[in-house]
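Survey of secondary and tertiary structure
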Amino acid sequence: MTLDAETVKKIARLARLKIDDQAIAGYSKNLTNILQLVEQMNAVSTDQVEPMAHPLDASQRLREDRVTEVNQREQFQSVAPQVQDGLYLVPKVIE
Amino acid sequence: MPLHHKTLAELAQGLRDKHFSSVELTQHYLNRIAQWDKTLNSYVTVTPERALQQARQADALRVKNTAGPLCGVPLAQKDIFCTHGVKTSCGSKMLDNFIAPYTATVVEKCQEAGLVMLGKLNMDEFAMGSSNETSFYGPVKNPWDLTRVPGGSSGGSAAGVAARLTPAATGTDTGGSIRQPAALCNLTGLKPTYGRVSRWGMIAFASSLDQAGPITQTAQDAALLLNIMAGFDSKDSTSLDSPVPDYTTTLKDTLQGLRIGLPKEFFATGLDDGVARVIDEAITQYKKLGASVVEISLPTSQLSVPAYYVIAPAECSSNLSRFDGVRFGYRCANPADLLDLYQRSRGEGFGAEVKRRIMIGTYALSAGYYDAYYLKAQKVRRLISGDFKRAFENVDVIMGPTSPTTAFKLGERSEDPITMYLCDIYTIAVNLAGLPGMSIPAGFSQGLPVGLQIIGNYFTEAKLLNVAHRYQQVTDWHKRIPPGFE
Amino acid sequence: MQWESVIGLEIHTQLATKSKIFSGAATAFGAEPNTQACAVDLGLPGVLPVLNKQAVRMAIKFGLAVGAQVAPRSVFARKNYFYPDLPKGYQISQYELPVVAQGKMEIELDDGSTKVIGITRAHLEEDAGKSLHEDFHDMTGIDLNRAGTPLLEIVSEPDMRSAKEAVAYMKKIHSLVRYLEICDGNMQEGSFRCDANVSVRPVGHAKLGTRTELKNINSFRFVERAINVEITRQIDLLENGGRVVQETRLYDATKNETRAMRSKEEAMDYRYFPDPDLLPLVINTQDIEAARQSLPELPAAKKRRFMREFELKDYDAALLTADRDVANYFETVVRLAGEPKLAANWIISELSGRLNKEDKLIQQCPISAELLAGMLQRLAKGAITGKMAKDIFDAMWNGEGDADTIITKRGLKPTDSAAVEKIIDHLIAQNPAQVEQYRAGKDKVLGFFVGQVMKASQGKADPAQVNSLLLEKLKK
């Protein structure tokens, strides 16, 4: 599979990454090479194989329904780029 | 013997015997960092005041005789572990302004044990790299040859310990990021079984592969540090709820009858001759210690790099979506609208390798490609895991080289991602299966360190440490310090 | 052409847990912005989710109540998209393997018949935060208190054929989750929200038309209106040679129209994959049995019991048991006042009518069960007339106190009046000749009756009242 410039732009947009126009060709080449490396997987048949999402064959542990967290807004928002009246601010969202 | 030639165990003994105080020891390392780190660039942040404060507390505990075994011993943390009140950058411009508002479990456990944190160590950006060249803070140099890379992603950890700018360090390993830099810097590095060490507060790269572990001078030190790092954490759903043994008690067990498997795939083309020779000698040494050797096959391990470069990017593409310039981290100047805020904050905040991996992962998960890439990789992962399962029916440990080559030149591979990815050809399968793996110093090739990789079955860290320790009792590779840094 | 509409609903119920689905932050409504958003909810680097046991229990209860399969193994997946109220850039949800699959819900139609609506699945997921668009110059404010609140998303089959059916189904689900006490059902606070998938097709066609998704329609009334408006729009479009575009639309209640959502214009590619931070959710038979034991009496069973125990008609019993709180209200009234049929009539007609008119839930009813019971007791004893009961009901609704207080305050003297009526009725029955004379025009006979009433009441009756009552009764 070759990742052409159009596809690179599409993926970059989906991933919300601004890529400069002059860098597109470089990404296209590198990503194509990586995909070719990845496609070596096709050498092995996996028809009857169960996908493995996790290294350990365990099940989810559950926590009790208890409130354990206290308000730390001031601390958390001290690292925020822009806040006002306790809210995080972003450029206007139009629904 | 200068203080910085001592291992963790020796430093702990010295503190117990009151040969020196934690403050003296900490100051000694802070001086070394001030003297040498301009050359190496192994630290992103040095925290002298905090360190000396912790050292004073440790000395007070020593006086009261309430100190734990490693209390007052200095240590440095990979900058991937959130540390309350300290910049936690993950090697990225994205987090250059991020003062963590909470503390990772690993860091907390070290603090509770009285370890003194010297600072935060450099690393590949978001742990994506095998040379430490993708760091926003610039490459780290290998103390064995300043024109070469220390390996990655825990490159700062390895270079820092190798140059004795800290007696030990923490690292994380997603595809070899503890073992490969340990190998390239003549150190002992241990990646525990997935789930053994809590991931809480450790900035995620690929959640189903990431695991933290120690980078130390000796296996004994690794055992001491793992005793502190390992254990169940209710804040991590993937943390394993089983007791942690004292890893130091079994270090001296005999290796008589140990069955070592040598996967033929680890000794095939691509392996540097000099590295192969060193590994052969190490295996010979193990035979002398009473072990037997059998050739095994891990046929699907050949596909571990391809499978990894789907799974790790897929997980990272999602894990790194939270870096959006809204609640923390880098935000671009004057965003025109919401889309611009996202695209430029992420485009400017992430480096090229991170962006490449996010895009590969995004592509592999996108509509129409999921089955061919992501699902296929998960199936290959199952096969790789099955290979190990079969192998461990007949052997106790698996050995081979950690890295196909010794440390390469800075800039030599940074332009070509594929050659960089192939650095981890022997380490990646271990992460995919979730097994524990180690690298220990095994000798030198043309003046550069070579690491021997030891892979164990699930939760056999004690066995790995035992196997490594017995070897270190009869060899002295691990005692070598890079010239100029003695 | 004759058109048929096809409707499926996705109902988001906020589960009534104390803490969030993956963190220990509180879920309480109405807190100061971002004071209930902890490190996990904010998606800080390095944080990890741990699943809330209570949320799982609630999902199991729902599954059992709709006769569904509770999956022995279900998987949490990440739904990836960027939006400011979604802190991690992905929502933890369930995709391929949901916790509940293949249930059903019976609804009653206007003609008295019933219809079964299929429930495709119900899955656990986390809620997003809120965007606030006012008060900031060209900026949007983000409050993440709601982020991480547990949701059970209940997805129906496209089995409904009219907005009325959709509302009936939605009401049934609303009733059920409140019976199960897994959701407070508060639609104003967003605890119970609904998206509708709407399409139309020519009657008789099997193939479904292109559907649109109507987002976040948050009252029963709006659901009906929004769906009807959308059906009309689609039919107009098709009859004028246009095409329906698959898109997400927002209902504007003030203009009573739907419009395409700007923020959803881009075709979404959610890139679902299993969340590597969470392991498969395994539910064993003991868990399911424990949940089954904890199930309350469900609407259908309660209805049967009401018919048996209180001798109510099918229709009345259905109305009274549709809402758990209404049923409880009814049972409280009956416990205090007896008279189940009288209580049923009053609750179904007067009380429900008034609640509907003022768009209130029974929990918001100004007349408590105790108050109504007090009034009905007097009515049943014949101590007040039906007309007076209605006046007292109005007064109680306006917060004027209990029946006795209102009687005193208004000087209704209802006790006397009722007694007087009884006396008059008796006299009329005893003195048919005098009644005949009066009706024939002999007005003086009225004096005879007044005297008799005053005598019988031992002078306690109010002469003016006696006069007017007599005039009324003798006229007939």
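Residues numbered from 1 in each chain as written. Chains lettered and ligands numbered in written order. Predicted model: local features only at pLDDT ≥ 70, side-chain atom pairs only at ≥ 80, totals over all residues. Heavy atoms only, no water.

Turning next to helix α9 (residues 340-357) of chain C. Residues and elements named next belong to chain C. The first and last C-alpha atoms of α9 sit 24 Å apart over 18 residues, in line with the 26 Å expected at 1.5 Å per residue. The sharpest bend along α9 reaches about 35° and sits at I347. Tucked into the core, α9 has its buried residues touching α7 (314-321), α8 (324-337), α10 (369-380) and α11 (386-397). Taken from the residues just after α9, D359 is the one with a positive phi, measuring 55°. (Helix = DSSP H or I, 4+ residues; strand = E, 2+ residues; numbered from the N terminus. Expected span 1.5 Å × (residues − 1). Bend = angle between axes of the 7 residues up to and from the residue. Contact = heavy atoms within 4.5 Å.)

This part is about the pattern of salt bridges. Applying the stated rule across the entire model yields 50 salt bridges over all chains. Of the charged contacts in the structure, one is a salt bridge between D236 of chain B and R199 of chain B, with a shortest N-O distance of 3.9 Å. Here R199 of chain B lies in the loop between β5 (188-191) and β6 (211-216) and D236 of chain B lies in the loop between α7 (219-229) and β7 (259-263), a separation of 37 residues in the sequence. By relative accessible area, R199 of chain B is classed as buried at 2%. Put simply, E213 of chain C and K215 of chain C hold a salt bridge, and the shortest N to O gap is 3.4 Å. Where salt bridges share partners, they join R199 and D236 of chain B together with R78, D275 and D277 of chain C into one cluster. (Salt bridge = Lys/Arg side-chain N within 4 Å of Asp/Glu carboxyl O. Buried < 20%, exposed > 50% of the residue type's maximum accessible area, 1.4 Å probe, protein only.)

Between chain B and chain C, the contact holds 37 residues from the first and 29 residues from the second. Taken together, the two surfaces of chain B and chain C that pack against each other cover about 2,700 Å², and 60% of this comes from carbon and sulfur. Per-residue buried area on chain B facing chain C is highest for S237, R322 and R327 of chain B; these three make up 22% of the total on that side. On inspection of chain B and its partner chain C, the count reaches 1 salt bridge. Salt-bridge contacts for D277 of chain C lead to R199 of chain B; the nearest nitrogen and oxygen are separated by 3.0 Å. Breaking the side of chain B that touches chain C down by element, the ones donating at least two residues are α9 (304-319), α10 (338-349) and α11 (352-365) of chain B. Element by element, the count of residues in the side of chain B that touches chain C is highest for α9 of chain B, at 4 residues. Broken down by class, the residue content of the side of chain B that touches chain C amounts to 18 nonpolar, 11 polar and 8 charged. (Buried area = accessible area lost by both parts, 1.4 Å probe. Nonpolar A, V, L, I, M, F, W, Y, C, P; charged D, E, K, R; others polar.)

This part is about the packing of aromatic side chains. Residue and element names in this part refer to chain B. Here the structure, examined in full by the defined rule, presents 31 aromatic pairs over all chains. Ring centres 5.9 Å apart and planes at 80° place the aromatic pair F323 and F328 in the edge-to-face group. Both residues of the pair, F323 and F328, count as buried. Here the aromatic cluster, defined as three or more aromatic residues joined through ring pairs, consists of F98, F126, F323, F328 and F350. Across the ring face of Y330, the terminal group of K93 is positioned such that the distance to the ring centre comes to 4.9 Å. (Phe/Tyr/Trp six-rings, centres within 6.5 Å; stacked < 30°, edge-to-face > 60°. Lys NZ or Arg CZ within 6 Å of the ring centre and 35° of its normal.)

The topology assignment puts D252 of chain C in strand β14 (residues 248-252). At 3.2 Å, the side chain of D252 of chain C forms a polar contact with the backbone nitrogen of K255 of chain C. (Polar contact = N/O pair within 3.5 Å; in protein donor to acceptor, adjacent residues only side chain to side chain.)

Turning our eyes to something else, we now look at the nonpolar core. Membership of the largest hydrophobic core comes to 199 residues, with the highest contact counts inside it found for F126, Y286, F388, M399, L452 and I454 of chain B. When residues in this core are grouped by element, the largest group, 9 residues, is from α9 of chain B. Discounting residues that sit within four places of it in the chain, F126 of chain B has contacts with C90, S92, M94, L95, I203, F205, L320, F323, F350 and V354 of chain B. In terms of nonpolar packing, the next biggest core, distinct from the first, is built from 65 residues, I7, I217, L281 and A291 of chain C among them. (Core = buried A, V, L, I, M, F, W, Y, C linked by side-chain atoms within 4.5 Å.)

In this assembly, 68 residues from chain B lie in contact with 50 residues from chain A. Roughly 5,300 Å² is buried in total at the junction of chain B and chain A, and carbon and sulfur atoms are behind 71% of that figure. Three residues stand out in chain B for area buried against chain A, namely M359, Y363 and R382 of chain B, and they jointly supply 13% of the buried area on that side. Where chain B packs against chain A, one counts 0 salt bridges. The interface formed by chain B and chain A contains 14 residue pairs in polar contact (both at pLDDT 80 or more).

Moving on: the confidence of the model for chain B. Here chain B averages 97 in pLDDT, and 100% of its residues register 70 or above. Overall fold confidence (pTM) sits at 0.90, and the ipTM for the predicted complex is 0.97. (pLDDT = per-residue confidence, 0-100.)

Residue and element names in this part refer to chain C. Taking strand neighbours across the sheet as the criterion, the 9 strands line up as β3-β7-β8-β11-β1-β12-β13-β14-β15 in an open arrangement whose pairing is mixed. Whereas interior strands pair on both sides, the edge strands pair on one side only; in this sheet they are β3 (69-70) and β15 (257-260). Two strands pair when backbone bridges link them, and strand β13 (residues 212-215) and β14 are joined in this way by 3 bridges, in the parallel orientation. Residue pairing for β14: L214 is matched across the bridge by R249. Each of β3, β7 (100-108), β8 (114-126) and β11 (150-156) touches helix α2 (residues 53-65); the most contacted strand, β8, lies at about 170° to it. (Pairing = 2+ DSSP bridges. Axes fitted to C-alpha atoms, helices over the stretch in contact; angles between N-to-C directions.)

For the rest of this paragraph, the subject is the sheet that holds strand β16 (residues 273-274) of chain C. Each strand in a sheet pairs with its neighbour through backbone hydrogen bonds, running either in the same direction (parallel) or in the opposite one (antiparallel). The strand order across the open sheet built from 3 strands is β6-β5-β16 (chain C), with neighbouring strands paired in antiparallel fashion. Of all the strands in the sheet, the pair left with one neighbour each is β6 (90-94) and β16 of chain C.

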